[in-house]
Amino acid sequence: MLTIDNITCERGGVSIFQNFSFTLGERGLLVLRGRNGCGKTSLLKIISGMIPPADGCIYFDGENIKKDMDSYRKEILYLGHKNGLNSKLTVQENLDFWCEISGHAEMMNAAIIYFDIENVLEMPVYMLSQGWQRRIALTRLMLSSASLWLLDEPLANLDADVAEMVLKLIATKCDNGGMVIMSSHKENELEIGMEIDVSVFCKRI
Amino acid sequence: MLAIIKNDIKTIIRSKGVMLSYVIFFIIIASLFPFSIGNDAEILKSIGVGVVWVAALLSSTLTLNRTFEEDYDNGTLEQLILAPIMPSLIILAKIISNWLVSGLPIVFVSALVSLIYDLPLNQILILMLALLLGTPVISTIGVMGAAFTVGLKRAGVVTSLLVMPLYIPVLIFGSGLSQSVIFGYDSEQFMVNMVGIIFIFLITLPLSVWSSALSLKIALEE
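About the criteria used
- Along each chain, numbering runs from 1 in the same order as the chain's sequence is written.
- Chains carry letters and ligands carry numbers; both start at the beginning, A for chains and 1 for ligands, and go up in the order they are written.
- Side-chain atom pairs in this predicted model are given and counted only at pLDDT of 80 or more, local residue features only at pLDDT of at least 70, and totals for whole chains, interfaces and linings cover all residues.
- A helix here means a DSSP run of H or I that spans at least four residues, while a strand means a run of E at least two residues long, and both kinds are numbered starting from the N terminus.
- In this treatment the radius of gyration is a C-alpha quantity, and the globule benchmark scales as 2.2 Å times the residue count to the 0.38 power.
- Think of it as a crowd count around each C-beta: if 20 or more other C-beta atoms lie within 10 Å the residue is buried, if 12 or fewer it is exposed, and in between it is partly exposed, with C-beta placed from the backbone throughout.
- Here, residues touch in the contact sense if the C-beta positions derived from the backbone fall within 7 Å of one another.
- Classes in brief: Ala, Val, Leu, Ile, Met, Phe, Trp, Tyr, Cys and Pro nonpolar; Asp, Glu, Lys and Arg charged; the others, Gly included, polar.
- Expected span of a helix, by definition, is 1.5 Å for each gap between consecutive residues, and there is one gap fewer than residues.
- An arc is given here, and it is the one of the directions from the helix axis to the C-beta atoms.
- Scored from 0 to 100, pLDDT records how confident the predictor is in each individual residue.
- In short, DSSP must find at least two bridges between two strands for them to pair.

With reference to specific residues and values, describe the overall build of chain A.
Scanning chain A from terminus to terminus reveals six helices and nine strands. In terms of C-alpha radius of gyration, chain A reaches 17 Å, essentially the compact-globule figure of 17 Å for 205 residues. The principal-axis extents of the C-alpha atoms in chain A amount to approximately 45 × 35 × 35 Å. For chain A, the proportion of its 205 residues judged to be buried stands at 40%. Residue pairs at least 24 apart in sequence account for 73% of intrachain contacts in chain A once pairs closer than 6 positions are excluded.

So this is what it looks like as structure tokens:
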């Protein structure tokens, strides 16, 4: 269970949002909505532990995440706007790298088949389009055993069929007891989970 | 950690001659001096070691920007900081890969460059030993400088200005060790310089690892 308790976010001395709270249990999906600049990305980064909140606390399974960040990092997978892919390496090499860092190599074949990326495995990433690079980045979702996914605009640059693959994966993750927090400008096609408009808490002018 | 080292080395090798450019720059710098000061063998022999060390330091600064820049730009760095891997291991991996692609080649190429300065074989071997001990320190300090400036625009000059003063102690002990044979220093001088380099390494390594990890965290918070 993830509990966000009165989080306030400040960036560069400017207050982005204040007193943001929610609780997400197992099988929970939270979709963050809001206008550009309201703090969706900042909120995801705060939850990931990448940036500290100006105020408030985050609890994971009842424990303040600051007490044991090492354990918390094993439980989360964060995918931001950037894909985390080395453009000079091939797709396979990138996936192998992330497997060695924090993934499960035994899931590699299933992930490759699910995302239908067999044909591009030996291509260097710089030769792929933005959409394909996003697809490769999302393949990591299947290589990870993290219980909480933090996804910032995961469907950006994706074709409709690939977006559907991702949404099915998210639904399966929730069905299997995982938790997903994602920001999106698109309609919630899954029709499950809850939505929060971060703009409501946004204080930046 | 091994994955990061393998990744970095593959990236450099595929970067179309970048690795070669460090070595060529080193050779060019070291080769320029005889043109400017003439070909008096005794003078060249007396300055050769110092020139090789300065060339090693200058060429190492070419590698620094690449240490974190690409990973920062493509999002790999933020993923690594969030991964279940200690940030200190990330830094250690970067130091090792920096040394493997820049420091280690210079150790071997210094033998070639030493021929320009007519250094005898035993002195070349001592020079190579000194560089073998000193280049890891150069990489350690260099990676620290690169971490301090990650994310900055035009960080290249700033990084070089930051690390150059920090290189001075290793330059003093390294060239001192290299010259201990050339100028007939006794074994005590040899040991003092060797222990000096090792001591600097033992001080800078934990400092670099800790401060670099903190710097990366701060850079990613921006």
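Any chance you could break down the overall build of chain B for me, citing the residues and the numbers?
Counting its regular elements, chain B contains nine helices and zero strands. Ordering the α and β elements of chain B from the N terminus gives α-α-α-α-α-α-α-α-α. Compactness check: chain B gives a C-alpha radius of gyration of 18 Å against a globular reference of 17 Å for 222 residues, within 12% of the reference. The dimensions of chain B, computed from C-alpha atoms along their principal axes, are 55 × 35 × 30 Å. Every one of the 222 residues in chain B was classed for burial, and the buried ones make up 44%.

Describe the interface of chain A and chain B, with residues and values.
Many descriptions give the size of an interface as the accessible area lost when the pieces come together. The interface of chain A with chain B comprises 22 residues on the first partner and 18 residues on the second. When contributions to the side of chain A that touches chain B are tallied by element, the ones reaching two or more residues are α2 (69-75) and α3 (91-102) of chain A. Broken down by element, the residue count for the side of chain A that touches chain B peaks at five residues, all from α3 of chain A. Grouping the amino acids of the side of chain A that touches chain B by side-chain chemistry returns seven nonpolar, eight polar and seven charged.

Go over helix α1 (residues 2-13) of chain B with me, naming the residues and quoting the values.
Its twelve residues place the ends of α1 of chain B 17 Å apart at the C-alpha level, agreeing with the 16 Å of an ideal helix rising 1.5 Å per residue. Within the sequence span of α1 of chain B, burial applies to Ile4, Asn7, Asp8, Thr11 and Ile12 of chain B. On an axial view of α1 of chain B, the arc spanned by its buried residues comes to 125°, and they lie on one face. In the core, the buried residues of α1 of chain B are packed alongside α3 of chain A together with α2 (18-37) and α6 (87-114) of chain B.

How would you sum up the confidence of the model for chain B? Please name residues and give values.
All names here are of chain B. Scored by pLDDT, chain B comes out at a mean of 87, with 96% of its residues at no less than 70. Ranking the elements of chain B by mean pLDDT puts helix α8 (residues 155-182) last with 85 and α6 first with 92. This prediction of the complex comes with two scores: 0.88 for pTM and 0.85 for ipTM.

Which residues make up the pairing of strand β8 (residues 179-183) of chain A, and what values go with them?
Residues and elements named next belong to chain A. The element β8 is largely enclosed, with a buried count of five among its five residues. Burial of the side chains of β8 extends over both faces: Met179, Ile181 and Ser183 are buried on one face and Val180 and Met182 on the other. Here strand β3 (residues 29-33) runs beside β8; their pairing, made up of four bridges, is parallel. Paired with Leu32 across the strands is Ser183, a residue of β8. Pairing geometry for strand β7 (residues 148-152) and β8, over five bridges, is parallel. Note on β8: the bridge partner recorded for Trp149 is Val180.

Give a description of the pairing of strand β4 (residues 55-60) of chain A that names residues and reports values.
Residues and elements named next belong to chain A. Taken together, the five bridges between strand β1 (residues 2-11) and β4 define a ladder with antiparallel strand orientation. By the bridge assignment, Asp5 is partnered in β4 with Cys57. Sheet topology places β4 next to strand β5 (residues 63-64); two bridges connect them, and they run antiparallel. Bridge pairing in β5 places Tyr59 opposite Asn64. Here β4 folds back onto β5 in antiparallel fashion, the turn holding two residues, of which Asp61 has a positive phi close to 50°.

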